[in-house]
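The chain contents come next:
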Amino acid sequence: MGKVFTSCVSSARLSYSIISTAFVFLLIHDAPTNSLGLEYTPPSDKSENSSSSPTNISLHEGIEFSFEPYRSWGQGIDLENPLLVAYPRSSEEIVELVNWARKNGRNVRPRGYKHSYPPLTITKDTDPAKVVLVDLTKYLTNLEMTSIPPEDIVTNETIRAVRAETGASWQDLVTHLEKNNAGIAHSIIIGDASVGGVLAIGAHGAAVPAKGETLKPGFSFGSLSNLIAAFKAVVFDPETKKYELKSFSRSDPDSNVFLAHVGRAFLTEVTLIVGENYNLRCKSIVDIPAEELFADPDTNPNATRTFVSFLDETGRADVQWYQFTKNPWLKVWSIEPTKPSSCFEVGGPYNYQFPVNINDPTKTVPELGEIAYNNVVAGLASRNASDVWGPSKNILLYSNGSSSPITYGGTVVLTSRDKIQKVLSMVITFFTSLNEEYAQKSEYPIDYYIKFRVTGLDFANETLIKDATQTILSPLSPPQDYPHFNVAFWMNTFTHRNNSLGSQFMKRFEEFYYDTFNGEIGLARPEWSKSWAYTDEGPFTNTKMLKEIIPSRFGSDWEWAKSILNKYDPERVFSNSFLEDSLQL
């Protein structure tokens, strides 16, 4: 007989701190049976007069599990009742879990670092009895350098690669690359995100080719999902009638949907192409007035220090503009093999650790913006951070996240390289006028800053893999109807969650984006990891946006994606109510 453990959770309300000291059990048995029974009564079923019978949970031999509360990094989802969390040690144990969940009527949701905003993993209405979170970050973290087989590529050059389990952190991955003299063209700015999570939403950094620059083998200017050369996914096998582990190559016609699957698939391992590591310089510029940096190329063609001028020179720029300040904070990266004499060499990432997240209710928003900007200027000087140089990883990772309750609105506009400055100026004109409209009523919906970056699109030929498929659901998937679009303009607005006008502002800002950039000069899409589909009630509540407008921005690819996802997950084990009912994926 196997040993039976009974878990008693003493309170219906568990604080977030329990995550660090969660009750963890290891299922052990000494009989040749394949599972154990665990009796557990969810707190939601408990009351003084409750007559509910316990929930029987049978998990595969040896798999650790616990019951933990769930709180997303953005603090938009904070569940009171704990969820069942499993800690598999291998892809094979994940398969066991998936088949167990399917048999017991539970959805399977992978858990990384929860560094996201939309309810793509867990929703506010999640029933604890109908889901199992599969934590990947404890054991599924292996990293191994490899190369792409010569017969799979269209070049005589060697294409290096890294094989990564999807629970590895992004910082561990880029650190592993650095140790092996490898790197990527651009990166997300944080390290505490899982490889699987980064790829699921088509995450990005900031890079397009500078004038005269050619793309080197192993690199891509598209999303990080465009680096995928091969992967393993848990999929339904119609012959065995079970979920199995299947290997896909980038040339597999069905692989395109998995490259950025928005939470509707489960990848356990990926192989990413990588290039040779390089050194980067990042120069912070804080003395260019907004009207010059964001100048309209039609009405102010003689402006010289424009955002696009820096892109032309180095291909890599990032700008954030604090509310009601004169000068934005512009970061410009350039590839520099040797250290310029004026640069400060850095020995690690996150080199801008000075206070800029100001949320002081005694200050007005214009005052907060000025304080944040002044802190940037002072911090850059005091930490020798205004002109830094070092290995690419140390320069690309520059934010270690924040626990402050901030709402990030995110939209991307696909456009052509020659229209970047025009798109930027149009966005700034509307943003400024909307801010002024509210300010005249002493209202300040956006109390932090707005941020801009530019990347390329997910052109499959950049991978140099034979017959490589295009991404389908990535924000950077090349639109079939607009083949001349070749870059993407990313915009994020940052405001604190306690600002009740923020959702109203973001609804109007989002409407501007989708009405203005509907195909002629650009095509607006959501940034999956941020907040979108706004109404006055908040993000992810605009039914028309979710069911009609967003799918239409992916054209016929959206329906193709649905068909392939349902082919490999016909019982929708890898889903939730938001994906099912709102996005209808």
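Residues numbered from 1 in each chain as written. Predicted model: local features only at pLDDT ≥ 70, side-chain atom pairs only at ≥ 80, totals over all residues. Heavy atoms only, no water.

Describing the overall build of the protein
Piece 1. In terms of regular secondary structure, the protein is built from 13 helices and 22 strands.
Piece 2. Taking all 585 residues of the protein together, the buried fraction comes to 59%.
Piece 3. Sequence-distant contacts in the protein: of pairs separated by 6 or more residues, those separated by 24 or more amount to 77%. (Helix = DSSP H or I, 4+ residues; strand = E, 2+ residues; numbered from the N terminus. Buried < 20%, exposed > 50% of the residue type's maximum accessible area, 1.4 Å probe, protein only. Contact = heavy atoms within 4.5 Å.)

Let's talk about the sheet that holds strand E20 (residues 449–456)
Piece 1. If you walk across this open sheet you meet the nine strands as E17-E18-E14-E16-E15-E20-E21-E19-E22, and the pairing is mixed. Since the sheet does not close on itself, it has two edges, and those belong to strand E17 (344–345) and strand E22 (523–526), each with one partner.
Piece 2. Direction of pairing for E20 relative to strand E21 (residues 487–496): antiparallel, over a ladder of eight bridges. Note on E21: the bridge partner recorded for Phe 452 is Met 491.
Piece 3. Sheet strands touched by helix H7 (residues 365–382): strand E14 (279–285), strand E15 (316–322) and strand E16 (329–335). Its angle to E15, the strand with the most contacts, is close to 135°. (Pairing = 2+ DSSP bridges. Axes fitted to C-alpha atoms, helices over the stretch in contact; angles between N-to-C directions.)

Side note on helix H1 (residues 91–103)
Piece 1. Taking 1.5 Å per residue as the helical rise, H1 with its 13 residues ought to reach 18 Å, and the 19 Å between its terminal C-alpha atoms agrees with that figure.
Piece 2. Within the sequence span of H1, burial applies to Ser 91, Glu 93, Ile 94, Val 95, Leu 97, Val 98, Asn 99, Trp 100 and Ala 101. (Expected span 1.5 Å × (residues − 1).)

Regarding the state of the cysteines
Piece 1. Considering all chains together, one arrives at zero disulfides under this definition.
Piece 2. The thiol sulfur of Cys 282 is not disulfide-bonded, and the nearest other cysteine sulfur, from Cys 343, lies at 9.6 Å.
Piece 3. Among the residues examined, Cys 282 registers a relative accessible area of 1% and is labelled buried.
Piece 4. Among the residues examined, Cys 343 registers a relative accessible area of 7% and is labelled buried. (Disulfide = S-S within 2.5 Å.)

Topic: the packing of helix H9 (residues 420–439) against helix H10 (residues 502–516)
Piece 1. It is at 11 Å that the axes of H9 and H10 come closest, and there the two elements cross at 150°. When the axis of H9 is compared with that of H10, the two are roughly antiparallel. Every pair of crossing elements has a handedness; the one defined by H9 and H10 is right-handed. Residue-level inspection shows Met 426, Val 427, Phe 430, Phe 431, Leu 434, Asn 435, Glu 437 and Tyr 438 of H9 in contact with H10, the latter providing Gln 504, Phe 505, Arg 508, Phe 509, Phe 512, Tyr 513 and Thr 516.
Piece 2. Among the residues forming the contact of H9 with H10, the class breakdown is ten nonpolar, three polar and two charged. (Parallel < 35°, antiparallel > 145°, perpendicular 65-115°, else oblique. Left-handed = near helix turned anticlockwise from the far one by under 90°. Nonpolar A, V, L, I, M, F, W, Y, C, P; charged D, E, K, R; others polar.)

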